[in-house]
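One letter stands for each residue in the lines below.
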Amino acid sequence: MNQKRKIRVLVAKPGLDGHDRGSRIIARAYRDAGFEVVYSGLHQTPEEVVQAAIQEDVDMIGLSSLAGAHMYLFPRVLELLKENGADDIVVCGGGIFPEEDIPKLKEAGIKEIFVPGTPLGEVVKWVEENVKPRGS
Amino acid sequence: MGIAEKIISGEIRAVARLIRDIDDNIPEAREVLKDLYPYTGKAYVVGITGAPGVGKSTLVDQMVAHLRKAKKTVGVLAVDPTSPFSGGAILGDRIRMQRHSMDEGVFIRSMATRGYFGGLTQSTRSAIDVMDAMGKDYIIVETVGVGQDEIDIVRSAHTTIITLVPGMGDDIQALKAGILEVGDIFVINKADREGADRTVSDIRLMIEMDEKRYKNGWKPPILTAQAVFDKGIKEILDEIEKHGKYLTSSPERKSMFQHEKARNDLVEMIKDRIVSDVLADIIHSGEFERALQLIVERKIDPYTACDNIVLKKLKSGYK
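Residues numbered from 1 in each chain as written. Chains lettered and ligands numbered in written order. Predicted model: local features only at pLDDT ≥ 70, side-chain atom pairs only at ≥ 80, totals over all residues.

**Q** What is the right way to read the overall build of chain B from this model?
**A** Each helix and strand in chain B was counted, giving 13 helices and eight strands. A principal-axis box enclosing the C-alpha atoms of chain B has dimensions of 60 × 50 × 45 Å. The 319 residues of chain B split such that 41% are buried. (Helix = DSSP H or I, 4+ residues; strand = E, 2+ residues; numbered from the N terminus. Buried ≥ 20, exposed ≤ 12 C-beta atoms within 10 Å, placed from the backbone.)

Next up, the structure:
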C-alpha cells in the first residue's frame, strides 16, 4: 500500500502572549496546503510544546511569538527536543523580533524566522522545501 | 529492543511513531500490531461523540482530570475532520486538554479523518490497541458524530457517550435514526442554558418510545453537565463504571459484547484491506483512470468495470 505520508506540523504559542490571530492564519494556510496541523493553543510552556510535539509525532514545530520572550523560549524548545532525543523535528518561528535577534535564533538552531509581511505562499513553500515527512 | 517491547514498556516516542505509521498505512506497522495484540484487551474504551461545539473536548479534559485523581492512566484519541479539498486538517482538540500534556499518565493523540483511503475506523482501532498495549487503563476516543465512520468508531467502545446541548430542538429528530441509537449514556452539556430540561425530556421520550429495546438491557441514563465548570463529570464517570459492570454482569452478556466487537473489528479490517489493496493498486497502475475514462465516454458501464477489476484482482490473489 502506497499512500504518501502527510506532513504533520505543530503550531504553538509559547509564553505569556495572548495574540494568536497570526498563528491561526498560518495554521489555516498549512491546512490548505494539505498538512495536518495540530494547534495547541495559547500560553504554552516550552515543556508542554515539546511533549505535544512528541506525542503527536510531528515533523515540524512552528513557534509564534509577539511578546518579546523569544530569546529564552525558542532556544529552550530546541534544548528540550534534544534532551528528549527528538531534535530531528524542524523548528521555525514567526512573529515580531528585533532584527539583531534573528541571526542569533538561527544560530541556536531555529531553521527559519518569518516576520510580518511574509506572503503565506512563501511560508508554505518553505515547509514543502525544508520539511520532509518522517521516513521519506 | 524491538518496537513492540518499547511500546509495552510505555516509551512515548515509539508509541507516537507507530500511530503515525498506522495512520500513513505503512505495512511494517501491521507486523508490530500483530506482536502487540496479545497485550491488548485490558483497557476500558469510552467513545464520545456529538455535533461540533457541544463541548466534547472540554468534557474529555475534565474526565481525564477525574480519572487521574483516581490514579488511572488515560489515553486520548481526538479525531477531527480532514478537509476534502486540500487533504489537510486542523487538529484543535488538544487546546482543551493541554494541561495534561506534562502528565506522564496521559497520552493525547490527534488524528485526522483522512477520508477515502484513510481507513479511519481501522486506524483508530489500531491506535486504540497501541494505547491499550502501552498500558493505559482508560482510552477515550472523541469524534465528531457526523459520518458512518465516526459512528463505527464510537461503537467499538465499551461505553458510548452522546453529547448534546440545549436548544437543538427538532435537530434531535434528525439525529434520531443515526447516532442517538448507539448511545449508552447521554450527556446534555452546557446545561445552564435555556431549554436543558426540554432537551432532557426529548431524549427521555425517545428512549421510552424504544421500550422494547431497553426492557431487558441497559437503559441509557440522561445526565446534565457543565463541563467547563467541572459540573456533572463525576456522575458521568459513575455511569461509565456502572455500564462497564453491566457489560460483564453475566457470562452471556460478556461473550456477546466480545463477539460483537470481534465481528465489527474483522469486518472493518477486511473492508479496509480490500480498499487499500485493490483501489490503491489500480490507481497506482493507472487501471482506475482507464476504467474511469471508458465510463465517462460511456463505452462501458460501471457495473462491468467494477466486475472486471474486482474479479481480476481476486483471481490474481493478494500480496
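That shown, we press on.
**Q** Sorry, what's going on with the interface of chain A and chain B here?
**A** Often the size quoted for an interface is simply the accessible area lost on bringing the parts together. Tallying the contact residues gives 30 residues for chain A and 32 residues for chain B. Broken down by secondary-structure element, the contributors of at least two residues to the side of chain A that touches chain B are helix H1 (21-32), strand E2 (36-39) and helix H2 (46-55) of chain A. When residues of the side of chain A that touches chain B are assigned to their parent elements, the largest contribution, six residues, is made by H2(A). When grouped by side-chain class, the residues that make up the side of chain A that touches chain B number 11 nonpolar, nine polar and 10 charged. Pairing analysis gives three bridges linking E2(A) to strand E3 (residues 89-91) of chain B, with the strands arranged parallel. (Contact = placed C-beta atoms within 7 Å. Nonpolar A, V, L, I, M, F, W, Y, C, P; charged D, E, K, R; others polar. Pairing = 2+ DSSP bridges.)

**Q** Teacher, can you tell me more about the nonpolar core here?
**A** Grouped burial of nonpolar side chains is what soluble globular proteins tend to show. Core analysis: the biggest nonpolar cluster contains 103 residues, and Val37(A), Ile61(A), Val77(A), Val130(B) and Ile140(B) have the highest contact counts within it. Ignoring anything within four residues of it in the chain, the contact list for Val130(B) reads Ile7(B), Val15(B), Leu18(B), Ile19(B) and Leu36(B). (Core = buried A, V, L, I, M, F, W, Y, C linked by C-beta atoms within 7 Å.)

**Q** Teacher, can you tell me more about the domain arrangement of chain B here?
**A** All names here are of chain B. Along its sequence, chain B is organised into domain 1 (38-247) and domain 2 (251-319). Each of domain 1 and domain 2 was reduced to a C-alpha centroid, and the two centroids are 30 Å apart. Between domain 1 and domain 2, the contact holds nine residues from the first and 12 residues from the second. Among the elements that take part in the side of domain 1 that touches domain 2, helix H5 (residues 120-133) stands out by supplying three residues, more than any other. Looking at the side of domain 1 that touches domain 2, its residues break down into two nonpolar, four polar and three charged. (Domains from an automatic or database assignment.)

**Q** What am I meant to see in the pairing of strand E4 (residues 106-112) of chain B here?
**A** Where a strand is regular, its side chains alternate between the two sheet faces. Residue and element names in this part refer to chain B. With seven of seven residues buried, E4 lies mostly within the body of the structure. Burial along E4 is two-sided: the face carrying Val106, Ile108, Ser110 and Ala112 and the face carrying Phe107, Arg109 and Met111 are both buried. As paired strands, strand E2 (residues 74-80) and E4 are joined by seven bridges and run parallel to one another. Considered in E4, the bridge of valine 79 is made with methionine 111.

**Q** Even after reading the chapter, I still don't get the sheet that holds E2(A), so can you show me in this structure?
**A** In a beta sheet, neighbouring strands pair by backbone hydrogen bonds and run either parallel or antiparallel. A sheet is described by the order of its strands in space; here six strands give the open sequence E5(A)-E4(A)-E3(A)-E1(A)-E2(A)-E3(B), paired in parallel fashion. One side of each edge strand has no neighbouring strand; the edge strands of this open sheet are strand E5 (112-114) of chain A together with E3 of chain B. When strand polarity is set aside, the average angle formed by the axes of neighbouring strands in this sheet is 25 degrees. Examined bridge by bridge, strand E3 (residues 60-65) of chain A and strand E4 (residues 90-95) of chain A share six bridges and lie parallel to one another. In the sheet register, Ser65(A) faces E4(A), and the bridge partner there is Gly95(A). Across the sheet, H2(A) touches strand E1 (8-12), E2 and E3 of chain A, and the angle it forms with E1(A) is around 165 degrees. (Axes fitted to C-alpha atoms, helices over the stretch in contact; angles between N-to-C directions.)

**Q** How should I be thinking about the pairing of strand E5 (residues 138-144) of chain B in this particular structure?
**A** Residue and element names in this part refer to chain B. Extensive coverage of E5 is indicated by the burial of six of its seven residues. By the bridge criterion, seven bridges tie strand E1 (residues 44-50) to E5 in an arrangement that is parallel. Bridge pairing links glycine 50 to valine 144 in E5. Both E2 and E5 contribute to a ladder of five bridges, which runs parallel. Across the sheet, residue valine 74 finds its bridge partner in E5, namely tyrosine 138.

**Q** Is there a simple way to think about the packing of helix H2 (residues 12-23) of chain B against helix H3 (residues 27-36) of chain B in this case?
**A** Helix-helix packing: each pair is described by the crossing angle between the helix axes and the interaxial distance. All names here are of chain B. Remark: H2 packs on H3, axes separated minimally by 8 Å, with the N-to-C direction vectors making an angle of 125 degrees. When the axis of H2 is compared with that of H3, the two are oblique. Both H2 and H3 take part in a crossing whose hand is left-handed. Contacts between H2 and H3 involve Leu18, Asp21 and Ile22 from the former and Glu28, Ala29 and Val32 from the latter. Of the residues assigned to the contact of H2 with H3, the class counts are four nonpolar, no polar and two charged. (Parallel < 35°, antiparallel > 145°, perpendicular 65-115°, else oblique. Left-handed = near helix turned anticlockwise from the far one by under 90°.)

**Q** I would appreciate a short explanation of the sheet that holds E4(B) in the present structure.
**A** All names here are of chain B. With parallel pairing, the seven strands of this open sheet are ordered in space as E4-E2-E5-E1-E6-E7-E8. Two strands in the sheet have a free side with no partner beyond their single neighbour: E4 and strand E8 (222-224). The mean angle between the axes of side-by-side strands here comes to 20 degrees, regardless of whether they run parallel or antiparallel. The pairing of strand E7 (residues 185-188) with E8 spans three bridges and is classified as parallel. From the neighbouring strand, phenylalanine 186 faces E8, where its bridge partner is isoleucine 222.

**Q** Please explain the packing of helix H4 (residues 56-69) of chain B against helix H10 (residues 233-247) of chain B as it appears in this structure.
**A** Residue and element names in this part refer to chain B. Direction vectors running N to C along H4 and H10 enclose 70 degrees, while the axes themselves pass 10 Å from each other. By the criterion of interaxial angle, the relationship of H4 to H10 is roughly perpendicular. Every residue of H10 that contacts H4 at Gln62, Met63 and His66 is listed here: Ile233, Lys234, Ile236 and Leu237. When grouped by side-chain class, the residues that make up the contact of H4 with H10 number four nonpolar, two polar and one charged.

**Q** How should I be thinking about unusual backbone geometry in this particular structure?
**A** Comment: phi is negative for the bulk of residues other than glycine, and the bulk of peptide bonds are trans. Positioned with a positive phi, His43(A) is a non-glycine residue whose angle comes to about 55 degrees. On the basis of neighbour counts, which here come to 14 C-beta atoms within 10 Å, the residue His43(A) falls in the partly exposed class. A positive phi angle, close to 55 degrees, is found at Lys190(B), a residue other than glycine. With respect to the element layout, Lys190(B) can be found in the loop between E7 and helix H8 (196-209).

**Q** In this structure, what is going on with the environment of Leu77(B)? I would like to understand it.
**A** Residues and elements named next belong to chain B. By secondary structure assignment, the location of leucine 77 is in strand E2. Here the alpha-carbon distance between leucine 77 and aspartate 307, two residues 230 residues apart in the chain, equals 38 Å. Contact partners of leucine 77, with chain neighbours within four places excluded, come to Arg109, Met111, Thr124, Ala127, Ile128, Ile139 and Val141.

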